[in-house]
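Per-entry structural report
Here is how the chains run, residue by residue.
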Amino acid sequence: MTITPTAAAPRLAVTDPSFSITSDEVHAAREQSWYAHTEYGLAILRYEEVSKLMKHPKLRQGSAAWPAHNGVTEGPFAEWFDSWILNKEGEEHHRLRRLLNPAFSPKLIGGLVPRFQALAGELIDAFAERGECDFTAEFAEPYAARVIAIMLGLPESEWQMIARESATLGLALGVTLKQDLPQIEEALAKLYAYADGLIADRSANPRDDFMTTLVQAQRDGDRLSSTELRDAIVLLIFGGYDTTRNQLGLAMQTFMQHPDQWDVLAANPALGGQAVEEVMRVNPTVRWVTREAVETFEYQGLLIEAGTTVHLFSESAGTDPRVFGERSFDIEAERKPHYGFGGGAHHCLGHFVARSDMSEALPLLARRLRNPQPLPGATWLADSGNTGPISLPISFTAAP
Amino acid sequence: MKITVDLDKCQDHGQCAIAAPVAFRMNDEGNLEYETTVEDSYLDEVEEAADVCPVQAILIGQA
Ligand code: HEM
Ligand code: SF4
């Protein structure tokens, strides 16, 4: 095996405020090498290597030390963060995953499809006649939050609470975590109270729904404690809302750049599922997935030291010309799988829900909002870790 | 029961090995290895593995 001298690999300044993870610079780096150096460690840029390292047994999920890195080592937030299934490894992770799995079964989720359709229709009805809207505030946000409410069995009228408290929890992923801690812990306390109410209700009055399945889940005589349940419920709200909202906004962005594909989707709603996959390949909201080397190992001639942070770049992998050829966006094409839901042991637990709700929403939007165009005034999250439009004003021609 | 995994589809996510270790495991290279026949008493576990496979690559049949 040839040892690639590390000096040959490009360097990306990913913490620079002007850095864009989908820029020509990153794509040029991908043509130079399968990896780059960053301030954090390594960035993996090509499809095959992202695919392999995403599931590599010598790499673990790499976010566990985040609060500690930001000076938060105790208290409700640190404890909640530590409880996340995302931050568990090995048997501890597998146990949680086994106990959470049944509630996320595709069969159970499939039963919610009519409600997703009705919800999308109701939201579109509210603004269609105006011929313009803020796509984030008037569609993506309420849709994502109300899907969570439907799934968890909360009254849908509570969606603004879900949106507001999750947004506050989201501050925890920013570098001002320590400063924002009191606010974050207040939001956490509110969501805990909600979760406790749900758990108590379904324990006393079991129904045929997601929350009951979650509360009753057992495996080999083991079950989730009430603390584990509330921690998980709040994580599901947090992990499911922002991501879905952002991914829907990014879908609208991509389709506005490819009006012919919007027409194809409007004419053939059965392509909803493939539209979601194609959008997440070229415009994933989770722009990178973080891993950390558990021990020193060699991969393709590169020595990766224990403790190294490895970021897997999903858009760079999804547009790798080695695998996908020339840049294109085609919802009818057969493609290899993308990594917008991560992969391996931590593969997104909620992907059946997210896939199912987005693949209902997009064709309906395509049929009702003809010829969508961006209006001025859009604001965006930074194009790194997790991205999407904060506001996305658009105009369109309404159709029934 | 009989188990078949469509290896063209399988992406080695290993969710099946978490759900039903009796039938599926990931080797040191991170690749899937599995039993093609498992006792029917493990049906629930194996069905769960088929359910959670992100790419739906697992087929269960009668032995
Ligand atoms: C478009 C929407 C979504 C996207 C793009 C997304 C993306 C992801 C990604 C990339 C990961 C893996 C992170 C890693 O390996 O480091 C992940 C994990 C996870 N997601 Fe999602 N997600 C979405 C929706 C949801 C929903 C709706 C839920 C739940 C209601 C959810 C719950 C989770 C959980 C619990 C994990 C951790 C799984 C584990 O560690 O075993 N996600 N998601
Ligand atoms: S869960 Fe599916 S994709 Fe993953 S290893 Fe098992 S069969 Fe393969």
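Let us look at the structure shown here.

In this section: the site of ligand 2. Around ligand 2 there are 13 residues in total, and B:Cys10, B:His13, B:Gly14, B:Cys16 and B:Cys53 lie nearest to it. Judged by its atoms lying within 2 Å of the grid points, ligand 2 is housed in the largest cavity.

Before going further, it helps to examine the coordination of the iron atom of ligand 1. A lone protein donor contacts the iron atom of ligand 1, and this donor is A:Cys348 (SG), found at 2.3 Å. Along the chain, the position of A:Cys348 falls in the loop between α16 (321-324) and α17 (351-368).

Residues separated by three or four positions in an α-helix point in the same direction, a consequence of the helix having 3.6 residues per turn. Within the span of helix α4 (residues 76-83) of chain A, buried status applies to A:Phe77, A:Ala78, A:Trp80, A:Phe81 and A:Ser83. Those residues of α4(A) that are buried are in contact with α3 (66-69), α5 (90-100), α9 (159-170), α10 (177-204) and α12 (226-257) of chain A.

With that settled, consider the environment of A:Trp80. Residues and elements named next belong to chain A. With respect to the element layout, Trp80 can be found in helix α4. C-alpha of Trp80 to C-alpha of Leu235: the two residues are 155 residues apart in sequence and 8.6 Å apart in space. Among all residues touching Trp80, those that are not within four sequence positions of it are Leu169, Leu188, Tyr192, Asp231, Val234, Leu235 and Phe238.

Moving on to the sheet that holds strand β1 (residues 35-37) of chain A. Within a sheet, neighbouring strands are paired by backbone hydrogen bonds and run either parallel or antiparallel to one another. All names here are of chain A. Across the sheet, five strands lie side by side as β1-β2-β10-β7-β3; this open sheet has mixed pairing. Either end of the sheet is taken by a strand with one partner, and the two such strands are β1 and β3 (59-61). Adjacent strand axes in the sheet meet at a mean angle of 30 degrees when their direction is disregarded. Sheet topology note: the strand β7 (residues 288-293)/strand β10 (residues 309-313) ladder contains five bridges and is antiparallel. In the strand pairing of β10, Arg291 is matched with Val310. Strand contacts of helix α2 (residues 47-54): β2 (41-44), β3, β7 and β10, with the helix running at about 130 degrees to β10, the strand carrying the most contacts.

What counts, and at which threshold
Here, residues in each chain are numbered from 1, in the same order as that chain's written sequence. By the order in which they are written, chains take letters starting at A while ligands take numbers starting at 1. Given that the model is predicted, a residue must reach a pLDDT of at least 70 before its local features are reported, and side-chain atom pairs must reach 80 or more before they are shown or counted; all residues, however, enter totals for whole chains, interfaces and linings. The basis for every side-chain value is the complete set of heavy atoms in the structure, and neither hydrogens nor water enter the calculation. Being near a molecule or strand, for a residue, comes down to having at least one heavy atom within 4 Å of it. The definitions used throughout rest on a 1 Å grid laid over the protein atoms alone, on which a cavity is an enclosed set of points accommodating a 1.4 Å probe that cannot get out and a pocket is an open set flanked by protein within 12 Å on both sides along at least five of seven lines; lining residues are those having an atom within 4 Å of a point. For a cavity or pocket, the test is whether more than half of a molecule's atoms lie within 2 Å of its grid points; if they do, the molecule sits there. A donor here means any N, O or S atom no more than 2.8 Å from the metal (3.2 Å for Na, K and Ca); water is not included, so a site may seem to lack partners. Each helix corresponds to a stretch of at least 4 residues labelled H or I by DSSP, and each strand to a stretch of at least 2 residues labelled E; elements are numbered beginning at the N terminus. Burial classes follow relative accessibility: with a 1.4 Å probe on protein chains only, a residue under 20% of its type's maximum area counts as buried, one over 50% as exposed, and anything between as partly exposed. We call two residues in contact whenever any of their non-hydrogen atoms come within 4.5 Å of each other. A pair of strands is treated as paired once DSSP finds two or more bridges between them. All axes are obtained by fitting lines to C-alpha atoms, using only the stretch in contact for helices, and the reported angles, taken between N-to-C directions, cover 0 to 180 degrees.

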